Structure formats: C-alpha cells, structure tokens
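What the coordinates show
This is what each chain is made of:
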Amino acid sequence: MKKSEKKVVNPKFAQTEKYRKILSAIESENKCPFCPSNFKWHKNPILKRLGDWFITENSWSYKEARHRFIVICEKHKEKLSELSAKDLETVLKLAKWATEKYKISGGALAMRFGDTRFTGATVCHLHFHLISPKLNKRGTAKAVYFPIG
C-alpha cells in the first residue's frame, strides 16, 4: 500500500479464512466497504434507514450470537471525535428499533474506533454492533467473542 493510500480494512483480525480473503480483496481495491458507493461486499439487505445511518444484519456471524446487526453511517467517519450527539441519538433509535422488532431481551451495543492495531476491528469505517447471545441449556448467555485489541 502506498503511503498516500489510507487503510480501509485490516484482514489480520478476520475470524474466518473466508472473511480474511474478502477483506484482502477489499484491501487490494483500497475502497471502504461501508461507504455507499462500495457497499457491494455486504450480503444482507438494509433493514432500516434513519438520517445518515442504517442498520443491517452483519454478514459475518459471531458463533454464539443469536442476533448480530451493524449500524453504519453513510458518511465515512473513523474517529470518535467525528460523531455528534445527533449521530449517537440516531444509532440509539436504530438499536431500539431492532430490539423491539426482533424481540431482543438483552445484549450489547459496541463500537470500536481508531487504529485497528488497538481495536481489533476489520473495517476502519465507524460502525456499531448490536449483538444478542444464544442461551445455553441452563438458560444463561453463551459468551460471544467480540475482541477489542
């Protein structure tokens, strides 16, 4: 990658070989996979739009997750400082919509930001994960592996 090119993905943190290969292809094109003009690698439909944000089911499953969604801004942002109060309000509205529509009783809303060496993220474009775990035979949550770092 040339110094003038900005990193858009980090295949190192892919949890499957198939996903790593797709990220490597994205990396070779150096086009952000979450920006609207490049949104060809995502396999699932957009479920709801609100303002500059939308929610979709994550194309790459977390093994022990019952539900896994991502909330993505149409504008390319990578830094926490780029988010406004309105952005956070919109993300929360989309997360609430999904928890009601899919009857999610519990889970997590998470976002990694900044340098992927610190975050463990595969895509640099800011996005939020809404994850709800599967339950085990005892009726308690199975641990979902969502690395940070």
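Residues numbered from 1 in each chain as written. Predicted model: local features only at pLDDT ≥ 70, side-chain atom pairs only at ≥ 80, totals over all residues. Heavy atoms only, no water.

1. Concerning the pattern of salt bridges
Across all of its chains, the model carries nine salt bridges by this definition. Here Arg117 and Asp115 are joined by a salt bridge, their closest N and O atoms 2.6 Å apart. The exposure class assigned to Arg117 is exposed, which follows from its relative accessible area of 62%. (Salt bridge = Lys/Arg side-chain N within 4 Å of Asp/Glu carboxyl O. Buried < 20%, exposed > 50% of the residue type's maximum accessible area, 1.4 Å probe, protein only.)

2. What to know about the pairing of strand E3 (residues 65-73)
Of all nine residues that make up E3, eight are buried, and the element is covered over most of its length. Examined bridge by bridge, strand E2 (residues 53-57) and E3 share five bridges and lie antiparallel to one another. Bridge assignment links Thr56 to a residue of E3, and that residue is Ile70. Summarising the sheet, E3 and strand E5 (residues 127-133) pair through seven bridges and their orientation is antiparallel. Across the sheet, residue Arg68 finds its bridge partner in E5, namely Ile131. (Helix = DSSP H or I, 4+ residues; strand = E, 2+ residues; numbered from the N terminus. Pairing = 2+ DSSP bridges.)

3. As for unusual backbone geometry
Residues other than glycine seldom take positive phi values, yet Asn30 does so here, at roughly 55°. Tracing the backbone through its elements, the reader meets Asn30 in the loop between helix H1 (17-29) and strand E1 (46-50).

4. Let's talk about the packing of aromatic side chains
The full count for this structure, using the stated rule, is seven aromatic pairs. Aromatic side chains Phe39 and Phe54 sit 5.3 Å apart centroid to centroid with 85° between the ring planes, which places their arrangement in the edge-to-face category. Pair noted here: Phe39 is in the loop between H1 and E1 and Phe54 is in strand E2, with a separation of 15 residues, a long-range link. An identical accessibility class is assigned to Phe39 and Phe54; each is buried. Three or more aromatic residues link up through ring pairs in this structure, and these residues are Phe34, Phe39 and Phe54. The ring of Trp60 has Lys43 sitting right over it, with the charged end atom 4.2 Å from the ring centre. (Phe/Tyr/Trp six-rings, centres within 6.5 Å; stacked < 30°, edge-to-face > 60°. Lys NZ or Arg CZ within 6 Å of the ring centre and 35° of its normal.)

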